[in-house]
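Reading the structure
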Amino acid sequence: MSIDASLLREIIMDHYEYPRNKSLTDQSGYASVHMASDSCIDDITVQSKIENGIIQDVRFDGVACTIATSSTSIMSELMQGKSIEEAKEIISNYFNMIDQKKYDEDLLEEAIAFQNVGKQANRIHCATIGWKAMDQMIRESEGEKDESR
Amino acid sequence: MDVNKIREDFPILNRTMCQKPLIYFDNSATTLKPDCVIQTITNYYTYLGANAHRGDYEMSGQVDAQFEGARKIAQKFINARYPEEIVFTSGSTMGLNEICIMLTSQYLKDGDAVLTCQSEHASSILPWMKASKKIELQYIPLDSHGKITLENVKKALNDKVKVVCLAQVSNVLGYQTPIKEISELCHARNIILIVDGAQSTPHIKIDVQDLDVDFFVMSAHKMCGPTGVGILYGKKKYLDVLEPVFYGGESNARFDQCGHVLLKESPLKFESGTQPIEAVLGMGQAMKYIEEIGQDRIHAYEVELKRYFLDKIKDMNHIVVYNKDSECGIVTFNVMDHGKMIFAQDVASFLNTKGIAVRSGQHCAKLLPEVLNVNSTVRASFYFYNTKEEIDTFVEALKEVTLENCVNIFF
């Protein structure tokens, strides 16, 4: 294993053992998505607070494997304080990376740890579960905005 | 039993997985197919070709003979009294759903109860939860090992219970349910007993008359047969009076515009539309193959493999086994790292990189985690073509399972 790989592994291990933003809140203003129907094993809920086009907070909780937990933890940190446009850019680059397409490494920061997840094809779902939840909440927030116009 | 000779019957055992020789320990999910079954299926498409019960030519007659021959093989395989008691289905799931729909619409009343248990597969529980009448589901409490005991069945029976629906062997823990004794209890109370044989037929000799079950289902693919086919056994007295769930060609004798429908007798009235003929023939071949090896020998060998495995890991304290004492080829376990459980899917993915196929998750028994107090487990299920050498490789791989190594597979 190269030094790079061992660094990336450390990132995943760290976010799995000490996940960030891993607790749900009852506060108002949060959207919530429960991701449990795609697989019978990972079961997580992701919450986000989006105000004035800015992602103010992202939280999550649930039962999930190393990859699902750490990728959601990293996503929750990356999204904090980003505008919707920035967040969408990051998410689409992340999905490109997972699909082995071209992506901007700088935008993804620690999330580049999942660059090889496609080597275990059945685990792609794990690496994207939290990200899909965030993507869904962003779309829904935009939909609401459109409706209010 | 000459395992090496048996392994020659399975062409798929020559393949690799992740550049390693394939070690297939997911036999409770589905089993590998011997060449004789593959040849039988191919022969239908390359030689027999015709539909069943429809043609007046030699080819179709040959198909009929083989198709009804497969029914007789199945009858003998579970020792049903009459071939008319054997209905072809797409497998256990379809059988359990059909029985549930027929009994709900034609026999049960709102508020009647169906008794089952927490270790059941989804297909024994969900059809009743979603039934067209308000059927109350009651659960037999499992003992501390996750076993169904006769005592607990006795305690659970009450006047509301009209149907008992249980697996003969649990797909997660592998315990055998005392079906014969439960059948006596049920029949003393006029209760219908439905048994899911998906996990028992591949491993033990079935005698539906001796067990005295009212309905019994099984799937061919769990015992070296094709996917998409199985049987629904029902006592003749029930199949004679029940109306089928599906209608269409082949199940009716005649009908007119006024709505008069004359159905054929059982089993054909339950077999509307063209059946998966090649799969039915393949199932018959699989049953002959299993009988030739012998269920007693198969079961004894699986238990031997499990004991061998348990003995090998007895000093490996990081492996927690949940079903040490069940007499079967299933080992349900988790792996610990520094006192913390490694998520089952991470363990399964690590084993994949060693060429070892196991299952992780809840194994379709979603109520069982409440009993085991874990949200998911790894399941290795052995069959008669597995070897002690494969178990040695498996044990060596388990020695390497750490959280770090489970993450390393992604680099």
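All residue numbers here refer to positions counted from 1 along the written sequence of the relevant chain. Following the order in which they are written, the chains are lettered starting with A and the ligands numbered starting with 1. With pLDDT at 70 or above as the cut-off, local features in this predicted model cover only qualifying residues; side-chain atom pairs require 80 or more to be listed or tallied, and sums for whole chains, interfaces and linings still use all residues.

1. Some details on the sheet that holds strand β10 (residues 230-234) of chain B
All names here are of chain B. Using the following cut-off: A pair of strands is labelled paired if DSSP reports no fewer than 2 bridges between them. Under the DSSP-based scheme used, a helix requires at least four consecutive residues in state H or I and a strand at least two consecutive residues in state E, with every element numbered from the N terminus. Fitting a line to C-alpha atoms yields each axis, with helices limited to the stretch in contact; the angle taken between N-to-C directions then spans 0 to 180 degrees. Here the contact rule is simple: place C-beta atoms from the backbone, and any two residues whose C-beta atoms are within 7 Å are in contact.
The strand order across the open sheet formed by seven strands is β4-β10-β9-β8-β7-β5-β6, and the pairing between neighbours is mixed. A strand with exactly one partner marks an edge of an open sheet, and here the two such strands are β4 (86-89) and β6 (136-140). Strand-to-strand twist across the sheet, computed as the mean angle between neighbouring axes with direction ignored, equals 20 degrees. Across five bridges, the pairing between strand β5 (residues 113-117) and β6 is parallel. What sits directly across from Leu 115, in β6, is Gln 138. Its contacts with the sheet place helix α7 (residues 179-188) against β7 (161-167) and β8 (192-196), and it is angled at close to 160 degrees to β8.

2. Points about helix α14 (residues 388-399) of chain B
All names here are of chain B. The cut-off we apply is this: Here the expected length of a helix is defined as 1.5 Å per residue gap, with one fewer gap than residues. Residues are called buried when their C-beta atom has 20 or more other C-beta atoms within 10 Å, exposed when it has 12 or fewer, and partly exposed otherwise; all C-beta atoms are positioned from the backbone. Arc, as used here, means the arc of the directions from the helix axis to the C-beta atoms.
In this model α14 runs 17 Å from its N-terminal to its C-terminal C-alpha over 12 residues, within 8% of the 16 Å that 1.5 Å per residue would give. Inspection of α14 places Glu 390, Ile 391, Phe 394 and Leu 398 among the buried residues, and these make up the whole buried set. The arc enclosing the buried residues of α14, seen along the axis, measures out at 100 degrees, which places them on a common side. Exposed and facing more than 90 degrees away from the buried side of α14 are Lys 388, Glu 389, Glu 396 and Lys 399. Buried residues along α14 sit in contact with β3 (23-24), α11 (295-312), β13 (319-321), β14 (330-337), β16 (356-357) and β18 (377-381).

3. Details of the environment of Lys 205 of chain B
Residue and element names in this part refer to chain B. With respect to the element layout, Lys 205 can be found in the loop between β8 and α8 (208-211). Spatially, the C-alpha atom of Lys 205 lies 7.5 Å from that of Ile 78, the residues being 127 residues apart in sequence. Leaving out residues up to four positions away in the same chain, Lys 205 has contacts with Gln 295 and Asp 296.

4. Structural notes on the UniProt feature "domain: Aminotransferase class V" (unreviewed entry) in chain B
Basically, it comes down to this: UniProt positions are given in the numbering used here, feature names are shortened, and annotations may be inferred rather than shown by experiment.
Summarizing the sequence annotation, UniProt attributes the feature "domain: Aminotransferase class V" (unreviewed entry) to residues 23-394 of chain B in the numbering used throughout. Taken end to end, residues 23-394 of chain B is 38% helix and 18% strand, and its first and last C-alpha atoms sit 8 Å apart.

5. Describing the domain arrangement of chain B
All names here are of chain B. Put simply, the test is: For every domain, the bounds stem from an assignment made automatically or drawn from a database.
Here the domain parsing of chain B yields domain 1 (3-30 + 294-408) and domain 2 (37-292). If you average the C-alpha positions of domain 1 and of domain 2, the two centres end up 29 Å apart. Across the boundary between the two partners, domain 1 contributes 25 residues, which contact 23 residues of domain 2. Of all the secondary-structure elements, those providing two or more residues to the side of domain 1 that touches domain 2 are α11, β14 and α13 (369-372). Counting residues per element, the side of domain 1 that touches domain 2 draws most heavily on α11, at five residues.

6. Some remarks on the nonpolar core
The criterion, for reference: Under the definition applied here, buried Ala, Val, Leu, Ile, Met, Phe, Trp, Tyr and Cys residues are grouped into a nonpolar core through C-beta atoms within 7 Å.
In terms of nonpolar packing, the biggest core is built from 154 residues, with Met 134 of chain A together with Ile 231, Tyr 233, Val 280, Ala 286 and Val 347 of chain B touching the most fellow members. If you tally residues by element for this core, the top one is helix α10 (residues 277-293) of chain B, at nine residues. The two domains that each donate at least three residues to this core are domain 1 (3-30 + 294-408) and domain 2 (37-292) of chain B. Those residues within four positions of Met 134 of chain A in sequence are excluded, and the remaining contacts are Val 46, Ser 48, Val 58, Met 75, Met 79 and Ile 91 of chain A.

7. Overview of the packing of helix α3 (residues 58-78) of chain B against α10 of chain B
All names here are of chain B. Our working definition: Relative orientations are named as follows: roughly parallel for angles under 35 degrees, roughly antiparallel for angles over 145 degrees, roughly perpendicular for angles from 65 to 115 degrees, and oblique for any other angle. If you view the pair so one helix is near and one far, a crossing is left-handed when the near helix is turned anticlockwise from the far one by less than a right angle, and right-handed when it is turned clockwise.
It is at 9 Å that the axes of α3 and α10 come closest, and there the two elements cross at 40 degrees. In terms of their interaxial angle, α3 and α10 are classed as oblique. Our pair here, α3 against α10, has a crossing hand that is left-handed. In this structure, α3 uses Val 63, Gln 66, Phe 67, Gly 69, Ala 70, Ile 73, Ala 74 and Phe 77 to contact α10, whose residues at the interface are Ile 277, Val 280, Leu 281, Met 283, Gly 284, Met 287, Lys 288 and Glu 291.

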